[in-house]
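Secondary and tertiary structure notes
Spelled out, the chains give:
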Amino acid sequence: MGEQGTGHVRRAGTAVAAVAALLLVTGCSMLAGGSVPDAAPTDGTPRRTAAPSPSATPRPTPTVTTPPVAELVGVTLDAGDVGEGAPATVSGTGPADVAFRVRGDFAVVMDLDCSRCTGTAAVTAPGRMSPFGEASAPLTASFLTGVMRSDPDEQMLIVQADGPWSMTMRSWNDLPSVSGPQAGTGPAVLFFSDDVSHVQVEYTPADADDRFGARVFTTSDDTQLFGDTEAFSDTFEADLPGVVAIATNGSWRITPTP
């Protein structure tokens, strides 16, 4: 399930490969905000579990379902080339396929303006069982794509939206730098310039079905993944400076710490 990432997070004129194992299927691990397993007791004492009641009715085995594979919708828009310092823009109404070409060695940030949409908006690609990102509309949000070695220069996205939308696609090296505590609601992609080794994260779900997932791509050739399905306030390893991609509908606050 893991794959090798590629692209370069660059600052101060130095290119550094961000290479790490990534988990891209929504239902896997903590990337998509999956539950974090309970930690083992520190005193070595086995955990106690309640014995089942003899009269308890057996629970039915849940049916495992496979997420549908994304398919092209048949309405194709050409966004053109995406290059360093040269973003591409495209707009449409309703679901559409978006063709674009990457002219360089970098991941692509997709800034989606769906502020006049309704329902749920998502950005995915043909053959994917989970989107690059999705969130409740109306929204303005950022998603990340093109972080894999195998990603071709010519790519196709699928925008699933109900209403008018516009999208700007740019190199992650063109992200403006931020520093110190950052807060927001919904999906985002941020470049933290802080030279620290941890981030403190506070998360409040939007509803009972919400989850939080984060991917950290650093200039020190490292990647971290973390998240949860419940509200939390915790500190995680994150060897910044680097790019942090956030996936959630809820509210979050990220503070770089030593």
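See above for the structure.
Attention in this report is confined to the structure presented alongside it. Computed from a predicted structure; not experimentally measured.

What follows is about the overall build of the protein chain. Per the secondary structure count, the protein chain includes zero helices and 22 strands. Per-residue burial over the protein chain gives 44% buried out of 258 residues. Taken as a whole, the protein chain presents about 13200 Å² of accessible surface, with 51% of it coming from carbon and sulfur.

Glancing now at a negative patch on the surface. A grouping of Asp195, Asp221, Asp222, Glu237 and Asp239 is seen on the molecular surface, where their side chains present a negatively charged patch. Position of Glu237 among the secondary structure elements: in strand E20 (residues 232-237).

Turning our attention to the packing of aromatic side chains. Counted by the stated rule, this structure contains six aromatic pairs. Measuring from centroid to centroid gives 5.6 Å for Tyr203 and Phe232, while their planes differ by 50°, and the two rings are tilted. Of the two residues, Tyr203 sits in strand E17 (residues 198-204) while Phe232 sits in strand E20, which places them 29 residues apart along the sequence. Given a relative accessible area of 3%, Tyr203 falls into the buried group. Above the ring of Phe132, the side-chain terminus of Arg128 is found at 4.2 Å from the ring centroid.

Attention now goes to the environment of Ser166. Along the chain, the position of Ser166 falls in strand E13 (residues 164-171). Taking the C-alpha atoms as reference points, Ser166 and Gly92, separated by 74 residues in sequence, lie 6.4 Å from one another. When residues no more than four places from it in sequence are discounted, the contact partners of Ser166 are Val90, Ser91, Asp111, Leu112 and Asp113.

Here we take up the sheet that holds strand E22 (residues 251-257). What the four strands build is an open sheet, ordered E15-E22-E17-E20; its pairing is antiparallel. Strand pairing shows two members of the sheet lacking a second neighbour, strand E15 (182-185) and E20, which therefore form its edges. Within this sheet the neighbouring strands show an average axis-to-axis angle of 20°, counted without direction. The pairing of E15 with E22 spans four bridges and is classified as antiparallel.

This part takes up the sheet that holds E13. Hydrogen bonding along the main chain pairs the strands of a sheet, whether they run parallel or antiparallel. Here four strands make up an open sheet; going across it, the order is E6-E13-E8-E11 and the pairing antiparallel. At either end of the open sheet lies a strand with only one pairing partner, and these are strand E6 (88-93) and strand E11 (139-145). In this sheet, neighbouring strand axes are inclined to one another by 20° on average, regardless of whether the strands run parallel or antiparallel. In this structure, strand E8 (residues 108-114) lies alongside E13, joined through six bridges in antiparallel fashion. Looking at the pairing, Val108 lines up with Ser171 of E13.

The next point concerns the pairing of strand E16 (residues 188-192). In terms of burial, E16 is a largely internal element, five of the five residues being buried. Residue alternation in E16 divides its side chains into two sets, Ala188, Leu190 and Phe192 and Val189 and Phe191, and both sets are buried. Examined bridge by bridge, strand E14 (residues 177-178) and E16 share two bridges and lie parallel to one another. Counted as the bridge partner of Ser177 is Phe191 from E16.

Counted under the stated rule, the structure contains four salt bridges. Notably, a salt bridge pairs Asp78 with Arg101, separated by 3.4 Å at the nearest N-O pair. Here Arg101 lies in strand E7 (residues 96-103) and Asp78 lies in strand E5 (residues 76-83), a separation of 23 residues in the sequence. Overall, the relative accessible area of 53% leaves Asp78 in the exposed class. Asp111 is the salt-bridge partner of Arg170, the closest N and O atoms lying 2.9 Å from each other. In this pair, Arg170 is assigned in strand E13 and Asp111 in strand E8, connecting sequence segments 59 residues apart.

The next thing to look at is unusual backbone geometry. Of the consecutive residues Ala137 and Pro138, the connecting peptide bond is found in the cis state with omega at 0°. Residue position: Pro138 is located in the loop between strand E10 (133-136) and E11. A cis amide bond links Leu240 with the next residue in sequence, Pro241, at an omega value of 15°. Mapped onto the elements of the fold, Pro241 is located in the loop between E20 and strand E21 (242-247).

What counts, and at which threshold
Residues numbered from 1 in each chain as written. Predicted model: local features only at pLDDT ≥ 70, side-chain atom pairs only at ≥ 80, totals over all residues. Heavy atoms only, no water. Helix = DSSP H or I, 4+ residues; strand = E, 2+ residues; numbered from the N terminus. Buried < 20%, exposed > 50% of the residue type's maximum accessible area, 1.4 Å probe, protein only. Areas by Shrake-Rupley, 256 points an atom, 1.4 Å probe, with all protein chains shown as cover. Patch = residues over 30% accessible without salt bridge, like charges linked within 9 Å, V, L, I, M, F, W, Y side chains within 5 Å. Salt bridge = Lys/Arg side-chain N within 4 Å of Asp/Glu carboxyl O. Lys, Arg positive; Asp, Glu negative; His and termini not counted. Charge placed at Lys NZ, Arg CZ, Asp CG, Glu CD. Phe/Tyr/Trp six-rings, centres within 6.5 Å; stacked < 30°, edge-to-face > 60°. Lys NZ or Arg CZ within 6 Å of the ring centre and 35° of its normal. Contact = heavy atoms within 4.5 Å. Pairing = 2+ DSSP bridges. Axes fitted to C-alpha atoms, helices over the stretch in contact; angles between N-to-C directions.

The quantities given are spatial measurements derived from coordinates; they are silent on function.
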